[in-house]
Amino acid sequence: MRENIHPAYRTVVFHDTSADEYFKVGSTIATDRTIELEGNTFPYVTLDISSASHPYYTGKQKEFSKEGSTARFQQRFGRFLGKP
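Residues numbered from 1 in each chain as written. Predicted model: local features only at pLDDT ≥ 70, side-chain atom pairs only at ≥ 80, totals over all residues. Heavy atoms only, no water.

The protein appears in an unreviewed UniProt entry as Large ribosomal subunit protein bL31B from Rouxiella aceris. Under the UniProt heading Sequence similarities (unreviewed entry), the entry covering the protein gives this text: "Belongs to the bacterial ribosomal protein bL31 family. Type B subfamily." The annotation that UniProt attaches to the protein under Subunit (unreviewed entry) is "Part of the 50S ribosomal subunit." (UniProt positions renumbered as here; feature names shortened; annotations may be inferred.)

Structural data, given as structure tokens:
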């Protein structure tokens with residue numbers, strides 16, 4: 001392989017600020033910030049959302065029965081559909 005053409009692959013700490021979780025992942029992302037974690041210094045990147053705080057992964061998705069057009073339909077016509 002040719003030398004000096006590949007980005008530096010190293011362990012980077014990603015911080016999900018909304019869930020206050022830290023993830024150590026191998027990455028080539030460029031960053032100027034560092035953090036001391038577990039006695040070592042790592043490059044540091046902040047995130048707004050990750051698997052620790054995303055509604056899809058945490059199970060806190062919106063319920064269709066309480067919001068939106070489906071709920072309005074059930075409010076208006078649910079009494080007709082609910083009769084045996």
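The discussion continues.
Colleague: How would you summarise the sheet that holds strand β1 (residues 10–16) if you had to cite specific residues and measurements?
Modeller: One open sheet accounts for four strands, arranged β2-β1-β4-β3; its pairing is mixed. Each end of this open sheet is capped by a strand with a single partner; those strands are β2 (21–27) and β3 (34–37). Sheet twist, expressed as the mean angle between neighbouring strand axes with direction ignored, is 45 degrees. Note: β1 against β2, seven bridges, orientation antiparallel. Following the sheet pairing, histidine 15 is matched in β2 by tyrosine 22. (Pairing = 2+ DSSP bridges. Helix = DSSP H or I, 4+ residues; strand = E, 2+ residues; numbered from the N terminus. Axes fitted to C-alpha atoms, helices over the stretch in contact; angles between N-to-C directions.)

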